[in-house]
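Spelled out, the chains give:
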Number of protein chains: 2
Amino acid sequence: MSHVFDAQTAVTPLEGTAAGAASGRYSASLTDDWRVGGGVNGGFQLGVVGAALRAHLPAHPDPVTLTAHYLSAGEGGPAEVEVDVERAGRLATVSARLTQGGTTRIAAIGTYGDLAAAAAAAPAERLTAEPPSLPAPERCIGPEQTPPEVLAMAPMMSQLEMRFDPACAGFAVGAPSGQGRLSAWVRFADGREPDALSLLTALDVLPPVTFDLGMPGWAPTLSLTAHVRRRPAPGWLLLTQATRNLAGGMFEEDCEVWDSAGHLVAQARQLALVPRG
Amino acid sequence: MSHVFDAQTAVTPLEGTAAGAASGRYSASLTDDWRVGGGVNGGFQLGVVGAALRAHLPAHPDPVTLTAHYLSAGEGGPAEVEVDVERAGRLATVSARLTQGGTTRIAAIGTYGDLAAAAAAAPAERLTAEPPSLPAPERCIGPEQTPPEVLAMAPMMSQLEMRFDPACAGFAVGAPSGQGRLSAWVRFADGREPDALSLLTALDVLPPVTFDLGMPGWAPTLSLTAHVRRRPAPGWLLLTQATRNLAGGMFEEDCEVWDSAGHLVAQARQLALVPRG
């Protein structure tokens, strides 16, 4: 039952590190399998940070909110994650830093807890957000329609099965919708089911929403804030992301992740730089 | 031309601190004038953190994105802000910590820059968000209709002139709309004009949106991420905040701030705990 993503995000405590202590250091690696263009996907890197935090916080298994500032592009190779516990109670607040060769890739701060206990203790729900309306996965645009040169440029796309809403997949053929929205079904290529950890990664795997505005190119993320609200049900995840305010050379990008049971299981907001075109 | 908010958020470098250095420490204070119930308003505390960051980053005058995790309730009295510069280029990324008597109130991470230069360099705008539709300020519900016992419980309300949309002010008389949305005109009581710094505070001055869901009581903020997108024009600010996903004992709260020129000048998302009722 070993899955690729779990091996890719595995961390090992460095000498002197004890889980639950005030601070700890974990060795990790950033695999080129999650490369997209010149760097390793930011969502995957967030998953690595999340895996180190989970290892360090045995009493707090789930990310609840995690904000990452991306300071330099992650590269394939060894990495280290430092964790400092700011406060631990029913929830734990932590700072974390992902480095490679002494250079900081990500500086982060987050709060961990137990989402299963939270859902059991507070079953009341007031959900007014609505999931996007997409054709069934088999009627969406998937890997079999993705040009091989795109897959070669973005190996991360082969880690997942992403099936895009035809209504917003026009960017791939030079005909973006102009709405500033992208939606897709997403699951792991090897059948791994989603969990709270993998939601951190899912929140940043779609192409930049600027693709749908006719602005192709890399849109560097300054910061991303993830809220993980519930452990997801097995099956497809439904992702949608949009921007409503592109100005001053920056745009906000809101991503929502819905699970197969119809719950809004995670939300992210990032601030990114508009591609230079 | 001295205004109350500037005096309230004033910071002084502690001995050995030089602006622009890799780290610095600033003395500050949390005034009881911004108290609401048992603690000092989180938005005001964010303004104090922002003032210390501004003091420490002379080449980066504006907050661009700032995420705060609230670890304990701020009290009236002296405070200290520690700043660590993570990276400085066209943008500067910093960590910050607000403490009182050695206890951390806020752990934060943010990115600073120059919003005037950014707006001048990239005039293109794609704004699909729409401001809320409110009656004119004089037809909204203002301080003259606020019971004296509320003002005594929340002195912070006297720092501002807040004029609530009658459509969502029913919570004050026990008749919440149930929509999960609050909107209001806001300006400083002493006529101070808004600026990028004061937007940090504006993003967290409305009551919790749970008031409008019939859930009165304190809704502790776990974390708040602010995006400041543009220096605001003088005049009234228009604030609106909403939740779309209350579940597991938590809710996300999105706040938007519009300026008098019609720009969406700031956005915040927080994750808060549902009031215990």
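On a predicted model such as this, the values are computed, not experimentally measured, just so you know.

### Remarks on the overall build of chain A
Okay, so step 1: Looking only at helices and strands, chain A features 5 helices and 16 strands.
Okay, so step 2: By the compact-globule yardstick of 19 Å for 277 residues, chain A fits well, its C-alpha radius of gyration being 18 Å.
Okay, so step 3: Its C-alpha atoms give chain A principal-axis dimensions of about 55 × 45 × 45 Å.
Okay, so step 4: In chain A, which comprises 277 residues, the proportion classed as buried is 57%.
Okay, so step 5: Put simply, chain A shows about 10600 Å² of open surface, and 54% of that area lies on carbon and sulfur atoms.

### A word on the relation of the copies chain B and chain A
Okay, so step 1: Expressed as a screw operation, the relation of chain B to chain A combines 0.0 Å of axial shift with a rotation of 180°, fitting to an RMSD of 0.0 Å. Viewed as a symmetry operation, the transformation between the two copies matches a two-fold axis.
Okay, so step 2: Take the interface residues of chain B: 98% of them recur as interface residues in chain A, which is what a same-surface contact looks like.

### Some remarks on the interface of chain B and chain A
Okay, so step 1: Contacts between the two partners involve 56 residues from chain B and, on the opposite side, 55 residues from chain A.
Okay, so step 2: Of all residues in chain B, the largest losses of buried area upon contact with chain A belong to Arg126, Arg229 and Arg244 of chain B, amounting jointly to 17% of the total for that side.
Okay, so step 3: Across the chain B-chain A interface, the total number found is 6 salt bridges.
Okay, so step 4: Between Arg269 of chain B and Asp254 of chain A there is a salt bridge, and its shortest N-O distance comes to 3.5 Å.

### Description of the packing of aromatic side chains
All names here are of chain A.
Okay, so step 1: On inspection of all chains with the given rule, the structure shows 14 aromatic pairs over all chains.
Okay, so step 2: Ring plane angle 75° and centroid distance 6.3 Å describe the contact between Phe5 and Phe44, whose orientation is recorded as edge-to-face. Placement of Phe5 in helix H1 (residues 4–8) and of Phe44 in helix H2 (residues 42–56) is noted, with a sequence separation of 39 residues between them.
Okay, so step 3: On the basis of relative accessible area, Phe44 is assigned to the buried category, the value being 0%.
Okay, so step 4: Their ring planes at 80° and their centres at 6.0 Å tell us that Phe164 and Phe171 sit as a pair that is edge-to-face.

### Re helix H2 (residues 42–56) of chain B
Residue and element names in this part refer to chain B.
Okay, so step 1: The first and last C-alpha atoms of H2 sit 21 Å apart over 15 residues, in line with the 21 Å expected at 1.5 Å per residue.
Okay, so step 2: Burial within H2 is extensive, with 13 of its 15 residues counted as buried.
Okay, so step 3: The N-terminus of H2 is capped by Asn41, whose side-chain oxygen sits 3.0 Å from the backbone nitrogen of Gly43.

### Describing the environment of Gly178 of chain A
Okay, so step 1: One can find Gly178 of chain A in the loop between strand E10 (160–164) and strand E11 (181–188).
Okay, so step 2: Relative accessible area serves as the criterion here: at 37%, Gly178 of chain A is assigned to the partly exposed category.
Okay, so step 3: When the C-alpha positions of Gly178 of chain A and Asp212 of chain A are compared, they lie 5.4 Å apart, and in sequence the two are 34 residues distant.
Okay, so step 4: Beyond its immediate chain neighbours, meaning those up to four positions away, Gly178 of chain A contacts Asp212 and Leu213 of chain A together with Arg126 of chain B.

### Things to note about the nonpolar core
Generally speaking, soluble globular proteins have nonpolar side chains that are buried together.
Okay, so step 1: Grouped together as the largest cluster of nonpolar side chains are 73 residues, with contacts concentrated most on Trp34 and Val257 of chain B.
Okay, so step 2: With 7 residues, H2 of chain B is the single largest residue contributor to this core.
Okay, so step 3: In contact with Trp34 of chain B, not counting residues within four places along its chain, are Phe5, Gln8, Gly39, Val40, Asn41, Phe44, Met156, Gln159, Leu160, Phe188, Thr201 and Val205 of chain B.
Okay, so step 4: Listed in part, the 71 residues of the second largest apolar core include Ala108, Leu206, Val209 and Ala266 of chain A.

### Focus on the state of the cysteines
Okay, so step 1: All told, the structure shown has 0 disulfides over all chains when counted by the stated rule.
Okay, so step 2: Cysteine Cys140 of chain A shares no disulfide, and the gap to the nearest cysteine sulfur, in Cys168 of chain A, comes to 8.5 Å.

### Overview of the pattern of salt bridges
Okay, so step 1: If you walk through the whole model with that rule in mind, you get 28 salt bridges over all chains.
Okay, so step 2: Of the charged contacts, one joins Glu161 of chain B and Arg187 of chain B as a salt bridge, the two residues approaching to 3.0 Å between their closest N and O atoms. With Glu161 of chain B in strand E10 (residues 160–164) and Arg187 of chain B in strand E11 (residues 181–188), the pair connects residues that are 26 residues apart, well separated along the chain.
Okay, so step 3: Judged by its relative accessible area of 19%, Glu161 of chain B falls in the buried class.
Okay, so step 4: Look at Arg187 of chain B and you get partly exposed, because its relative accessible area is 36%.
Okay, so step 5: Among the charged side chains, a salt-bridge network with shared partners connects Glu144, Glu161, Arg163 and Arg187 of chain A.

### Some thoughts on the environment of Ser133 of chain A
Okay, so step 1: With respect to the secondary-structure elements, Ser133 of chain A resides in the loop between strand E9 (125–127) and helix H4 (148–153).
Okay, so step 2: Residues Ser133 of chain A and Leu238 of chain A, 105 residues apart in the sequence, show an inter-C-alpha distance of 9.7 Å.

### So, the environment of Arg163 of chain B
Residues and elements named next belong to chain B.
Okay, so step 1: Locating Arg163 in the fold gives a position in strand E10.
Okay, so step 2: Each C-alpha atom, one on Arg163 and one on Arg187, is 9.1 Å from the other, the two residues being 24 residues apart in sequence.
Okay, so step 3: Apart from residues no more than four positions distant in its own chain, Arg163 is found in contact with Pro137, Glu138, Cys140, Ile141, Gly142, Pro143, Glu144, Ala184, Trp185 and Trp236.
Okay, so step 4: Within the structure, Arg163 has its side chain in polar contact with the side chain of Glu161 (distance 3.0 Å).

### Let's talk about the pairing of E10 of chain B
Residue and element names in this part refer to chain B.
Okay, so step 1: Here E10 lies mainly inside the structure; 5 of its 5 residues are buried.
Okay, so step 2: Of the two faces of E10, the one lined by Leu160, Met162 and Phe164 and the one lined by Glu161 and Arg163 are each fully buried.
Okay, so step 3: Looking at chain direction, E10 and E11 are connected through 5 bridges and run antiparallel. When the bridges of E11 are listed, Glu161 appears paired with Arg187.

### Observations concerning the side chain of Asn245 of chain B
Okay, so step 1: Along the chain, Asn245 of chain B falls in strand E14 (residues 245–247).
Okay, so step 2: Engagement of the side chain of Asn245 of chain B in a polar contact is seen with the backbone oxygen of Leu264 of chain A, the distance being 3.4 Å.
Okay, so step 3: In contact with Asn245 of chain B, other than residues within four places in its own chain, are Arg126, Leu127, Arg229, Leu264 and Gln267 of chain A together with Met250, Phe251 and Glu252 of chain B.

### What to know about the side chain of Arg229 of chain B
Okay, so step 1: Along the chain, Arg229 of chain B falls in the loop between strand E12 (221–228) and strand E13 (237–242).
Okay, so step 2: This buried residue, Arg229 of chain B, is left without a salt bridge; Glu252 of chain A holds the nearest opposite charge, at 4.4 Å.
Okay, so step 3: A polar atom in the side chain of Arg229 of chain B sits 3.1 Å from the backbone oxygen of Ala247 of chain A.
Okay, so step 4: Sequence-distant contacts of Arg229 of chain B, defined by excluding residues within four places in its chain, comprise Asn245, Leu246, Ala247, Met250, Phe251, Glu252 and Leu271 of chain A together with Leu115, Leu264, Val265, Ala266 and Gln267 of chain B.

Calculation criteria
Along each chain, residues carry numbers from 1 onward, in the same order as the chain's sequence is written. Here the convention is simple: chains get letters from A, ligands get numbers from 1, in the order in which they are written. The predicted nature of this model means local features are confined to residues of pLDDT at least 70 and side-chain atom pairs, given and counted, to a pLDDT of 80 or more, with totals for whole chains, interfaces and linings taken over all residues. Side-chain numbers come from the whole structure's heavy atoms, not from hydrogens or water. Starting at the N terminus, helices and strands are each numbered in turn, a helix being any DSSP run of H or I of at least four residues and a strand any DSSP run of E of at least two. Atoms counted for the radius of gyration: C-alpha only. Globule rule: 2.2 Å times the number of residues to the power 0.38. Throughout this description, buried means an accessible area under 20% of the type-specific maximum (1.4 Å probe, protein chains only), exposed means over 50%, and partly exposed covers the range between. Only the protein chains shown count as covering a residue, and every accessible area follows the Shrake-Rupley method with a 1.4 Å probe. In this comparison the copies share one frame, found by least squares on the C-alpha atoms of residues holding pLDDT of at least 70 in both. Whether two residues touch is decided by their heavy atoms; if any such pair falls within 4.5 Å, the residues are in contact. The quantity reported as buried area is the accessible area (1.4 Å probe) lost by two parts once they are put together, taken as the sum for both. A pairing counts as a salt bridge when a side-chain nitrogen of Lys or Arg comes within 4 Å of a carboxyl oxygen of Asp or Glu. Ring pairs are drawn from Phe, Tyr and Trp, using the six-membered ring of Trp, whenever the two centres fall within 6.5 Å, and their geometry is named by plane angle: stacked under 30 degrees, edge-to-face over 60, tilted for the rest. Each helix should span, by expectation, one fewer than its residue count multiplied by 1.5 Å. We call two N or O atoms a polar contact when they sit within 3.5 Å, provided that within protein one can donate a hydrogen and the other can accept it, with sequence-adjacent residues counted only if both atoms are side-chain atoms. Among the buried residues, those of types Ala, Val, Leu, Ile, Met, Phe, Trp, Tyr and Cys that are joined through side-chain atoms within 4.5 Å form a nonpolar core. By disulfide we mean two sulfur atoms from cysteines, separated by a distance within 2.5 Å. One bridge is not enough; two strands pair if DSSP finds at least two bridges between them. A residue counts as positive if it is Lys or Arg and as negative if it is Asp or Glu; His and the chain ends are not included.

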